[in-house]
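What follows is the residue order along each chain.
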Amino acid sequence: MARPNSGIAPILFLVTAAALWGIATVISKNVLGSVQPITFLLIQLVPSVCVLWAIVFSRRTSLALPILPLALLGVLNPGVSYTLSMLGLTTTTASVATLLWTAEPALIVLVAWLLREERVSPRFLIATATAAGGVVLVSGLVEGGDLRAKTFAGPGLILAGVLCCAVYTVLMRRLASTYDPLAATAVQQTAGLLWAAMIWPFEGQVGQGALPAIPNEILAAGALSGFMYYGAAFWLYLSALRSVSATTAGIFLNLTPLFGIATAWVVLGERLTLFQWTGGAVIIASVIVLLASPKSTVAPK
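Cut-off values and rules
- Residues numbered from 1 in each chain as written.
- Predicted model: local features only at pLDDT ≥ 70, side-chain atom pairs only at ≥ 80, totals over all residues.
- Heavy atoms only, no water.
- Helix = DSSP H or I, 4+ residues; strand = E, 2+ residues; numbered from the N terminus.
- Buried < 20%, exposed > 50% of the residue type's maximum accessible area, 1.4 Å probe, protein only.
- Contact = heavy atoms within 4.5 Å.
- Areas by Shrake-Rupley, 256 points an atom, 1.4 Å probe, with all protein chains shown as cover.
- 1 Å grid on protein atoms, 1.4 Å probe; cavity = no way out; pocket = protein on both sides within 12 Å on 5 of 7 lines; lining within 4 Å.
- Points joined across faces, edges and corners; volume = space filled by probe spheres on them.
- Nonpolar A, V, L, I, M, F, W, Y, C, P; charged D, E, K, R; others polar.
- Disulfide = S-S within 2.5 Å.
- Expected span 1.5 Å × (residues − 1).
- Arc of directions from axis to C-beta.
- Core = buried A, V, L, I, M, F, W, Y, C linked by side-chain atoms within 4.5 Å.
- Phe/Tyr/Trp six-rings, centres within 6.5 Å; stacked < 30°, edge-to-face > 60°.
- Axes fitted to C-alpha atoms, helices over the stretch in contact; angles between N-to-C directions.
- Parallel < 35°, antiparallel > 145°, perpendicular 65-115°, else oblique.
- Left-handed = near helix turned anticlockwise from the far one by under 90°.

**What to know about the overall build of the protein chain**
Item 1. Counting its regular elements, the protein chain contains 13 helices and two strands.
Item 2. Across the 301 residues that make up the protein chain, the buried fraction comes to 52%.
Item 3. Within the protein chain, counting contacts between residues at least 6 apart in sequence, those at least 24 apart form 91% of the total.
Item 4. For the protein chain, the accessible surface area stands at approximately 12800 Å², while carbon and sulfur atoms represent 71% of it.

Structure follows, in structure tokens:
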């Protein structure tokens, strides 16, 4: 995959990555009722890592990379972030999960500001704050006033995973000139796989998740969603991140629910409440406002 220029290529990469993340979330949700989350994370990462390294070696991609920083960021994302996300997804619908991930742009802005990485315009801040309000509606916190951990532990875990991804995006932008996207993706997915393998023994009743006992269709779904989620989407995202700011890349992550909700509607028959639909509309409207003038949303530092 060639390095994107400052034109249409980064936009196409980011939109495609958002689509892959949204669709793969629905596939994951459909399977998680049959296999434990960390076991499923392993099922996803093993074939994805194998395919990525096969492409790296077949293309003779340079491995002149800052290996340690990339590996540590790989432990953060996909390692820690998607561990939290998978655990949260077991008690949250796929539609709500994809919409909760739209908190990431607002969190990227916050992290970039705290780390003094980027300056953002007032328009950007207002739009991202509005999107964050939509996330609150989507999470269900305003419905019924029930704050029991059983009800909101899932969304809370997912949002913690989103924060990890926001930190990852900002820190990866610092390394933008030092990595080949394909090789960096392979290194980070390998680090994430090692993280998942390390914590797998601590998952309850590991014997029930033994790989030989898992039906072939679940293994196939895991392999497909894994390459979509961790292989192709990350590769595209890192390719685009070399040409755009972290906060600009974050704008496009709000498109993930468009693909996730549509897929969940068709595949899982999921429906949202009126509050959640309203939150989704607020989020999407905020994205449109941001995309209307992409060059003015982020001021160079």
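**A closer look at empty space enclosed by the protein**
Item 1. If you walk through the whole model with that rule in mind, you get one cavity of 30 Å³ or more.
Item 2. Computed from the structure, the largest cavity encloses a volume of approximately 160 Å³.
Item 3. For the largest cavity, the lining is made up of 15 residues, of which Trp 21, Tyr 82, Trp 101, Glu 104 and Leu 253 are closest to its centre.
Item 4. The residue inventory of the lining of the largest cavity, partitioned by class, reads nine nonpolar, five polar and one charged.

**Side note on the environment of Ala 106**
Item 1. Position of Ala 106 among the secondary structure elements: in helix 5 (residues 104-114).
Item 2. Judged by its relative accessible area of 22%, Ala 106 is partly exposed.
Item 3. Sequence separation between Ala 106 and Ile 126 is 20 residues, and the spatial gap between their C-alpha atoms is 9.9 Å.
Item 4. If we skip the residues at most four places from it in the chain, Ala 106 touches Thr 128 and Ala 132.

**Let's talk about the state of the cysteines**
Item 1. Per the stated rule, a full pass over the model turns up zero disulfides.
Item 2. Distance from the sulfur of Cys 164, which forms no disulfide, to the nearest cysteine sulfur (Cys 165) is 6.9 Å.
Item 3. Cys 164 gets classed as buried once you look at its relative accessible area, which sits at 13%.
Item 4. By relative accessible area, Cys 165 is classed as buried at 2%.

**What to know about helix 11 (residues 256-267)**
Along an α-helix, residues three or four apart share an orientation, since each turn contains 3.6 residues.
Item 1. In this model, helix 11 (12 residues) spans 16 Å end to end at C-alpha, consistent with the 16 Å of a helix rising 1.5 Å per residue.
Item 2. Listed in full, the buried residues belonging to helix 11 are Thr 256, Pro 257, Gly 260, Ile 261, Thr 263 and Ala 264. On an axial view of helix 11, the arc spanned by its buried residues comes to 165 degrees, and they lie on one face.
Item 3. In the segment just after helix 11, Gly 269 is the residue with positive phi, at about 65 degrees.

**Brief notes about the nonpolar core**
Item 1. Core analysis: the largest hydrophobic core is formed by 69 residues, its most contacted members being Trp 21, Leu 70, Tyr 82, Met 172, Tyr 179 and Tyr 230.
Item 2. Sort the elements by how many residues they give to this core and helix 9 (residues 216-241) lands first, with 13 residues.
Item 3. Beyond its immediate stretch of four places on either side in the chain, Tyr 179 contacts Leu 65, Leu 70, Met 172, Ala 184, Leu 238, Leu 241 and Arg 242.
Item 4. Formed by five residues, the second largest nonpolar core is a distinct cluster that contains Leu 52, Val 56, Leu 182 and Ala 186.

**Topic: unusual backbone geometry**
Item 1. For the bond running from Asn 77 to Pro 78, omega is 20 degrees, close enough to zero to count as cis.
Item 2. Its location among the elements puts Pro 78 in helix 3 (residues 67-89).
Item 3. The backbone of Arg 60 sits at a positive phi, close to 55 degrees, despite the residue not being glycine.

**Structural notes on the packing of aromatic side chains**
Item 1. Tallied over the entire structure, the rule returns nine aromatic pairs.
Item 2. A centroid spacing of 5.7 Å and a plane angle of 90 degrees characterise the contact between Trp 21 and Phe 234, whose relative ring orientation is edge-to-face. Residue Trp 21 is located in helix 1 (residues 8-31), and its partner Phe 234 is located in helix 9; the two are separated by 213 residues in the primary sequence.
Item 3. Since its relative accessible area comes to 8%, Trp 21 is described here as buried.
Item 4. What makes Phe 234 buried here is its relative accessible area of 1%.
Item 5. Ring centres 5.1 Å apart and planes at 90 degrees place the aromatic pair Tyr 82 and Tyr 230 in the edge-to-face group. Here Tyr 82 is found in helix 3, whereas its partner Tyr 230 is found in helix 9, with 148 residues between them in sequence. Tyr 230 carries the same exposure label as Tyr 82, and that label is buried.

**A short note on the packing of helix 1 against helix 3**
Item 1. For the pair helix 1 and helix 3, interaxial distance at closest approach is 10 Å and the crossing angle is 55 degrees. Compared by their axis directions, helix 1 and helix 3 come out oblique. Crossing handedness for the pair helix 1 and helix 3: right-handed. Only Tyr 82, Met 86 and Leu 89 of helix 3 make contact with helix 1, whose side of the interface consists of Trp 21, Thr 25, Ser 28 and Lys 29.

**A few points about the packing of helix 2 (residues 37-58) against helix 3**
Between two packed helices, both the angle of their axes relative to each other and the distance between the axes serve to describe the pair.
Item 1. Here helix 2 crosses helix 3 at 130 degrees, and the two axes come no closer than 9 Å. When the axis of helix 2 is compared with that of helix 3, the two are oblique. Note that helix 2 runs across helix 3; the crossing there is right-handed. When helix 2 is examined against helix 3, the residues Pro 37, Ile 38, Phe 40, Leu 41, Gln 44 and Leu 45 are found in contact with a partner set consisting of Pro 78, Tyr 82, Thr 83, Met 86 and Leu 87.

In short, geometric facts, not functional conclusions.
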